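So the chains spell out like this:
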Amino acid sequence: MTRRYWNINLEEMMQAGVHFGHGTRKWNPRMAPYISAKRKGIHITNLTRTARFLSEACDLIFDAASRGKQFLIVGTKNKAADSVARAAIKARCHYVNKKWLGGMSTNWSTTETRLHKFRDLRTEQKTGRLNRLPKRDAAMLKRQLSHLQTYLGGIKYMTGLPDIVIIVDQQEEYTALRECITLGIPTICLIDTNCDPDLADISIPANDDAIASIRLILNKLVFAICEGRQYECSIMFHQHTKRLYDISGVEVGQHFYWQIGGFQVHAQVLITSWVVIAILLGSATLVVRNPQTIPTDGQNFFEYVLEFIRDVSKTQIGEEYGSWVPFIGTMFLFIFVSNWSGALLPWKIIQLPHGELAAPTNDINTTVALALLTSVAYFYAGLTKKGLGYFGKYIQPTPILLPINILEDFTKPLSLSFRLFGNILADELVVVVLVSLVPSIVPIPVMFLGLFTSGIQALIFATLAAAYIGESMEGHH
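Residues numbered from 1 in each chain as written. Predicted model: local features only at pLDDT ≥ 70, side-chain atom pairs only at ≥ 80, totals over all residues. Heavy atoms only, no water.

With that settled, the discussion passes to the overall build of the chain. Across its full length, the chain holds 14 helices and 10 strands. When burial is assessed residue by residue, the chain has 44% of its 477 residues classed as buried. (Helix = DSSP H or I, 4+ residues; strand = E, 2+ residues; numbered from the N terminus. Buried < 20%, exposed > 50% of the residue type's maximum accessible area, 1.4 Å probe, protein only.)

And the structure:
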């Protein structure tokens, strides 16, 4: 297992109260190697050991995520419930934050049956079938749906046992821990001074009562999951395309320009952007032309898209996400439709006197413009939330660093443009190679793969843009 650097700061952990343990009367003697001192009747955890085991846990999680493994985060006590849900949603993994039902993993067949029932009830509610039932039956099913949502809402998409379970409080989640031990599922457990460090595969000694401590540990683990999954995507992409790059060299065509006076205008971006905007406006107009109380067909699809964008915005920005949904939605839909137009529309077949057409996002100018819009939104969000006081963080530790700090934050989103442009360019090269080397029918599966990766690229860009805005509103630097 490769060791990586996870930016684990001892001072940050002290500020979050990670080092505070339980009272000296409530302790487990097996925790003695992890305790450094006693202060005012409580044990003090050795943060050096905490940092070491947290780093090992992040390494394990990164390797597992890079191999496509599934994670489950368990934390049901009130102080941890919200942090567990937010962390799991951010990492797109399963979670239990209300109550661990006995046998949830050891009796998986019963849990799976409940999940099927839960999904069926959610489908009936969304399609309006429950409202067509008699009131008594509808009320009974709605109570059942509410109960299932409370206890199984975090695992509604789980189709099998998880590969790794992250447990926030060992004593509170002892039943879950014993079930994982019985099934041989690897566990990473946050343990306080009253816990047994030998039960979990990796035990992280830390304060399991303070919200700040729990949030810090979960943020590090979630970051490792996200990094591992991003690494998995890049590895899969390189594996599928390496042989194609080796067998052929491809010359990328020149894009189409207009000469207006003494200026060179990027006609390719303008023309194809107008096409994409027309597709979006035309689709939206057709769908909302005759809205129905119970949505059907296209209206139902667009409402699902809107709900998805709201979820992404709320997850990354927080409770004040509402005003940013149009911006995040516009970014996601423009990149998504642009990428799909590049994969589905035969731009290169259109004969031009010079140059060629391609999707708007196939040009670095467009991706940089989108990134700059994100930079402007980043500062606008901070100024809207805090006024001129927002710039206070940029003069720390000295006002001399003001321009450097502002430039650093302004250029931070530019990495999104190069990542997006590089991925799209690679997709284009793959399709060009296949079309030039083999009959047209063979590249179709790769084109479908391109459609999938195009959607992922739009999701990543929109998610990170929302994350930057959320960071600005929270005031982190």
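Bringing the packing of helix α4 (residues 108–127) against helix α5 (residues 135–152) into the picture now. Packing of α4 against α5 leaves a shortest axis separation of 10 Å and a crossing angle of 125°. Viewed along their axes, α4 and α5 adopt a mutual orientation that is oblique. Where α4 crosses over α5, the handedness of that crossing is left-handed. The residues of α5 that touch α4, namely those facing Arg114, Leu115, Lys117, Phe118, Leu121, Arg122 and Gln125, are Leu141, Gln144, Leu145, Leu148, Gln149 and Leu152. In the contact of α4 with α5, the residues fall into 7 nonpolar, 3 polar and 3 charged. (Axes fitted to C-alpha atoms, helices over the stretch in contact; angles between N-to-C directions. Parallel < 35°, antiparallel > 145°, perpendicular 65-115°, else oblique. Left-handed = near helix turned anticlockwise from the far one by under 90°. Contact = heavy atoms within 4.5 Å. Nonpolar A, V, L, I, M, F, W, Y, C, P; charged D, E, K, R; others polar.)

Burial runs high along strand β7 (residues 187–191): 5 of the 5 residues are buried. The two faces of β7 match: Thr187, Cys189 and Ile191 on one face and Ile188 and Leu190 on the other face are all buried. Alignment of strand β6 (residues 164–167) against β7, held across 3 bridges, turns out to be parallel. Pairing of Ile166 across the sheet is with Ile188, part of β7. A crossover connection joins β6 to the parallel β7 through helix α6 (residues 174–183); in handedness this β-α-β unit is right-handed. Pairing geometry for β7 and strand β8 (residues 202–205), over 4 bridges, is parallel. When the sheet's bridge partners are listed, Ile191 is paired in β8 with Pro205. (Pairing = 2+ DSSP bridges. Right-handed = clockwise from strand over helix to strand, strands pointing away.)

Another point: the sheet that holds strand β2 (residues 35–39). Judged by pairing direction, the sheet is antiparallel, and its 3 strands sit side by side in the order β1-β3-β2 without closing on themselves. Only two strands of the sheet have a single partner each, and these edge strands are β1 (20–23) and β2. Recorded for the sheet is a direction-independent mean angle of 30° between the axes of neighbouring strands. Across 4 bridges, β2 lies against strand β3 (residues 42–45) in antiparallel orientation. Across the sheet, residue Ala37 finds its bridge partner in β3, namely Ile44.

Turning next to the pattern of salt bridges. In total, this model carries 7 salt bridges according to the counting rule given. One network of salt bridges, with partners in common, ties together Lys77, Asp169, Asp208 and Asp209. (Salt bridge = Lys/Arg side-chain N within 4 Å of Asp/Glu carboxyl O.)

Let's shift gears to the packing of aromatic side chains. What characterises a pair of aromatic rings is the spacing of the ring centres plus the angle enclosed by the ring planes. Counting across every chain of the model gives 5 aromatic pairs. Between the aromatic rings of Phe62 and Tyr231, the centroid separation amounts to 5.6 Å while the plane-to-plane angle is 40°, which identifies the pairing as tilted. Note that Phe62 is positioned in helix α2 (residues 47–66) and Tyr231 in helix α7 (residues 211–247), a separation of 169 residues in sequence. With a relative accessible area of 4%, Phe62 lands in the buried category. Residue class for Tyr231 comes out partly exposed when judged on its relative accessible area of 38%. Three or more aromatic residues link up through ring pairs in this structure, and these residues are Trp324, Phe327 and Tyr380. Above the face of the Phe118 ring, Arg122 is positioned so that its terminal group lies 5.8 Å from the ring centre. (Phe/Tyr/Trp six-rings, centres within 6.5 Å; stacked < 30°, edge-to-face > 60°. Lys NZ or Arg CZ within 6 Å of the ring centre and 35° of its normal.)

Turning our eyes to something else, we now look at the sheet that holds strand β5 (residues 94–96). Here 5 strands make up an open sheet; going across it, the order is β5-β4-β6-β7-β8 and the pairing parallel. Unpaired on one side and paired on the other, β5 and β8 mark the two borders of the sheet. With strand direction ignored, the average angle separating the axes of adjacent strands in the sheet is 15°. Along the sheet, α6 makes contact with β4 (71–74), β6 and β7, crossing β6 at roughly 160°.

This brings us to α5. Its 18 residues place the ends of α5 25 Å apart at the C-alpha level, agreeing with the 26 Å of an ideal helix rising 1.5 Å per residue. Those residues of α5 lying buried are Ala138, Leu141, Leu145, Leu148 and Leu152. The arc that holds the buried residues of α5, viewed along the axis, is 90°, so those residues lie on one side. Turned more than 90 degrees away from the buried face of α5, the exposed residues are Lys135, Arg136 and Arg143. On its buried face, α5 sits against α4. (Expected span 1.5 Å × (residues − 1). Arc of directions from axis to C-beta.)

Moving on to α4. Counted at 1.5 Å a residue, the expected span for α4 with its 20 residues is 28 Å, and the 28 Å between its end C-alpha atoms agrees. Regarding α4, the residues found buried are Trp108, Thr111, Leu115, Phe118, Leu121 and Arg122. Seen from one end, α4 has its buried residues packed into an arc of 140°, which puts them on one side. Contacts from the buried residues of α4 go to α5.

Attention now goes to the nonpolar core. Counting 39 residues, the largest nonpolar core has Ile61, Phe71, Ile73, Ile188, Ile217 and Leu221 as its most contacted members. Contributing elements (two or more residues each) for this core: α2, β4, α3 (78–91), β6, β7, β8 and α7. The dominant element in this core, judged by the number of residues it contributes, is α2, at 9 residues. When neighbours within four sequence positions are excluded, Phe71 is seen to be in contact with Ile61, Ala64, Ala65, Cys93, His94, Pro162, Ile164, Ile225 and Arg229. Judged by nonpolar contacts, the second largest core, of 31 residues, contains Leu101, Trp108, Met158 and Leu177. (Core = buried A, V, L, I, M, F, W, Y, C linked by side-chain atoms within 4.5 Å.)

In short, geometric facts, not functional conclusions.
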